[in-house]
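# Descriptive structure summary
Each chain, letter by letter, is given below.
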Amino acid sequence: MRAAVLVDSNEALQVRDVALDNPGPKEVSVKMAAAGVCHSDWHVMQGDLPVPLPAILGHEGAGIVEQVGKDVFGIRPGDHVVLSWIPSCGHCFYCLKGRPDMCDEAFNIQLSGSLPGNAMRLHWDQGPLYHYLGTSCFAEQTVVPDTGVIPIDPSIPLNKAALVGCAVTTGFGAVVHTAQVGVGDSVSVIGCGGVGLNVIQAAHLAGADPIIAIDANGNKKDLAKKFGATHFVDASQTDDLITPVLDLTQGRGSDFAFEVIGRTETIEAAYGMVRKAGMAVIVGVAPPHLDVSLNAFSFPSQSKILTGSWYGQSVPAVDIPRILGLYQRGKLNLDDLVSQSYALEDINEAFRELTQGTVARGVIEF
Ligand code: CND
Ligand code: ZN
């Protein structure tokens, strides 16, 4: 089968022939239909997120089940599925605490580049070939843990469903689970890419107002407004992102701010633009060696909540069908998210357009 391999950081992806084993007892093989192009993969390609290489990237995908292992129940060949990049184990401390987003086993497979139990199902002629986030869906086929496939209604187009594998669930969950935004709350969102647009549309669905979208690419203004932003700040025109938010919130700052880029300056700005006792939610993934600088006195005196959100703090088996139901009933917009489709062979072009900020979300279609 063909797959996009990252051999080393700061290199282009190589579309190559690779081999795939049959699924193990608790694994599922999936014929991929579509895979979204997320900035997290670009961070890996830039060397900003250390994962074992060479690997097949891609963590936002949907497809059709081909084979299931002998101990898999409830999933059958032919099922349409969305992949989850946190295949939570169900029995670690965090899963039992109701926080599968923090699952220890899922973190371990992310670090080891394997499937649970150190299983390696990918092979090529150049030595080891690692899995990525338990998904590796920039490939015609993949093998994933059974906990990482979520069956969906087969009438939903798989190129739309694929985006619910990361961008939509991450943005939606940051608003609905982590922040719990309410009607009339003011929200600012720094970064209007595939994930940030979903923060905006979930905030809109939750009844937030105003919704202040901020992006350094002025082209994102129309998109942000289409997804529910009430105001847009062009960050290429100012270094001061805080004053425009104060101006739109009676001088207080917004109730919630979401950072959806992964830069230290914008993380500091998100904290700064939130009102006293408001909440800043960091969704963007910064390189692990970076630190932010925040005023120490402000912690007690302003009592802001600063937190992160990983995969939208979601329970994928619950939230992915929930989000797709909202799509089917016309409440969430997935159609305008898929702004560009590419063949697997053109995947480096898809990443180039991601970094230029010209797309809402690019999707590889197989
Ligand atoms: P994408 O590249 O689509 O969007 C980023 C947006 O930020 C673009 O619109 C840029 O124009 C804008 N931008 C970049 N720099 C600046 C700046 N200095 N000031 C203002 N705007 C700027 O990225 P994405 O939406 O795919 O991903 C966004 C981040 O979210 C990225 O760090 C990714 O790794 C992370 C993420 C997090 C999670 C999670 O679970 N927390 C899941 N998936 C992705
Ligand atoms: Zn992602």
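## Side note on the sheet that holds strand 13 (residues 211–215)
- Taking strand neighbours across the sheet as the criterion, the six strands line up as 14-13-12-15-16-17 in an open arrangement whose pairing is parallel. This sheet does not close on itself; its edge strands, each paired only once, are strand 14 (231–234) and strand 17 (305–308). In this sheet, neighbouring strand axes are inclined to one another by 15° on average, regardless of whether the strands run parallel or antiparallel.
- Here strand 12 (residues 187–190) runs beside strand 15 (residues 254–259); their pairing, made up of four bridges, is parallel. Each residue of the ladder has a partner; that of Ser-188, found in strand 15, is Ala-257.
- Sheet contacts for helix 5 (residues 167–179): strand 15, strand 16 (274–282) and strand 17; angle to strand 16, the most-contacted strand, approximately 130°.

## Some remarks on the sheet that holds strand 3 (residues 19–20)
- Strand order in the open sheet made by the three strands is 3-8-9, with antiparallel pairing throughout. Edge positions in the sheet fall to strand 3 and strand 9 (127–128), since each has one partner strand and no second.
- Pairing between strand 3 and strand 8 (residues 122–124): two bridges, direction antiparallel. Within strand 8, the residue paired with Leu-20 across the bridge is Leu-122.

## Some details on the coordination of the zinc ion (ligand 2)
- Protein coordination at the zinc ion (ligand 2) comes from Cys-38 (SG), His-59 (NE2) and Cys-166 (SG), with a distance range of 2.1 to 2.4 Å.
- Coordination at the zinc ion (ligand 2) is irregular: its four donor atoms span angles of 79 to 143° at the metal.
- Linear spacing of the donor residues for the zinc ion (ligand 2) on their chain is C-x20-H-x106-C. Here Cys-38, found in the loop between strand 4 (27–36) and helix 1 (39–45), pairs with Cys-166, found in the loop between helix 4 (158–161) and helix 5; they are 128 residues apart in sequence, far enough to count as distant. Comparing Cys-38 with Cys-166, the two get one shared label, buried.

## Examining the site of ligand 1
- The immediate surroundings of ligand 1 are formed by 28 residues, with His-39, Asp-215, Ile-261, Tyr-311 and Arg-361 found nearest.
- Val-285 places a main-chain nitrogen or oxygen 3.0 Å from an oxygen atom of ligand 1.
- Calculation on ligand 1 without its partners gives an accessible area of 860 Å², and the protein chains cover 90% of this total.
- Taken together, the elements giving at least two residues each to the shell around ligand 1 come down to helix 1 and helix 6 (194–205).
- By residue number, the principal contributor to the shell around ligand 1 is helix 1, which donates three residues.

## Let's talk about the packing of helix 5 against helix 11 (residues 316–328)
- Two numbers describe how helix 5 lies on helix 11: the axes approach to 11 Å, and their chain directions differ by 95°. Between helix 5 and helix 11, the angle is such that the two are roughly perpendicular. Here helix 5 contributes Val-168, Thr-169, Phe-172, Val-176 and His-177 to the contact with helix 11, which in turn contributes Asp-319, Ile-320, Arg-322, Ile-323 and Leu-326.

## Focus on the side chain of Thr-178
- Residue position: Thr-178 is located in helix 5.
- Here Thr-178 falls in the buried class, since its relative accessible area comes to 10%.
- A distance of 2.9 Å separates the side chain of Thr-178 from the side chain of Gln-313, its partner in a polar contact.
- Beyond its immediate sequence surroundings of up to four residues, Thr-178 is in contact with Gly-173, Met-279, Val-281, Thr-307, Gly-308, Ser-309, Gly-312 and Gln-313.

## Looking at the nonpolar core
- Residues Leu-57, Phe-138, Ile-200, Phe-258, Leu-324 and Ile-347 are the most contacted members of the largest nonpolar core, which totals 95 residues.
- Here this core spans two domains, since at least three of its residues come from each of domain 1 (2–165 + 334–365) and domain 2 (171–309).
- Non-local contacts of Leu-324, meaning those with residues more than four positions away in its chain, are made with Val-82, Ile-152, Ile-156, Ala-161, Val-164 and Leu-334.
- In this structure, Ile-212, Val-245, Val-274 and Ile-282 belong to the second largest nonpolar core, which totals 14 residues.

## Quick word on the pattern of salt bridges
- Tallying each qualifying case throughout the model produces 14 salt bridges.
- Close ionic contact of Lys-70 with Asp-71 constitutes a salt bridge, the shortest N to O distance being 3.4 Å.
- Judged by its relative accessible area of 29%, Asp-71 is partly exposed.
- Two residues, Asp-255 and Arg-275, come together in a salt bridge whose shortest N-O distance is 2.5 Å. With Asp-255 in strand 15 and Arg-275 in strand 16, this residue pair connects regions lying 20 residues apart in the sequence.

## Thoughts on the environment of Gly-284
- Looking at the element boundaries, Gly-284 is found in the loop between strand 16 and helix 10 (298–302).
- When the C-alpha positions of Gly-284 and Ala-4 are compared, they lie 24 Å apart, and in sequence the two are 280 residues distant.
- With residues near it in sequence (within four places) discarded, Gly-284 still touches Glu-259, Val-260, Ile-261 and Gly-262.

## Observations regarding the domain arrangement of the chain
- Each domain of the chain was delimited in the assignment, giving domain 1 (2–165 + 334–365) and domain 2 (171–309).
- Put simply, the middle of domain 1 and the middle of domain 2, counted by C-alpha atoms, are 28 Å apart.
- Listed by partner, the interface residues are eleven residues for domain 1 and 15 residues for domain 2.
- The contact between domain 1 and domain 2 buries some 1000 Å² in all, and 60% of this surface belongs to carbon and sulfur atoms.
- Our count for the domain 1 to domain 2 interface comes out at one salt bridge.

Calculation notes
- Residues numbered from 1 in each chain as written.
- Chains lettered and ligands numbered in written order.
- Predicted model: local features only at pLDDT ≥ 70, side-chain atom pairs only at ≥ 80, totals over all residues.
- Heavy atoms only, no water.
- Pairing = 2+ DSSP bridges.
- Helix = DSSP H or I, 4+ residues; strand = E, 2+ residues; numbered from the N terminus.
- Axes fitted to C-alpha atoms, helices over the stretch in contact; angles between N-to-C directions.
- Contact = heavy atoms within 4.5 Å.
- Donors = N, O, S within 2.8 Å, 3.2 Å for Na, K, Ca; no water.
- Tetrahedral: all angles 85-135°; square planar, octahedral: opposite > 155°, others 65-115°.
- Buried < 20%, exposed > 50% of the residue type's maximum accessible area, 1.4 Å probe, protein only.
- Near = heavy atom within 4 Å.
- Polar contact = N/O pair within 3.5 Å; in protein donor to acceptor, adjacent residues only side chain to side chain.
- Areas by Shrake-Rupley, 256 points an atom, 1.4 Å probe, with all protein chains shown as cover.
- Parallel < 35°, antiparallel > 145°, perpendicular 65-115°, else oblique.
- Core = buried A, V, L, I, M, F, W, Y, C linked by side-chain atoms within 4.5 Å.
- Domains from an automatic or database assignment.
- Salt bridge = Lys/Arg side-chain N within 4 Å of Asp/Glu carboxyl O.
- Buried area = accessible area lost by both parts, 1.4 Å probe.

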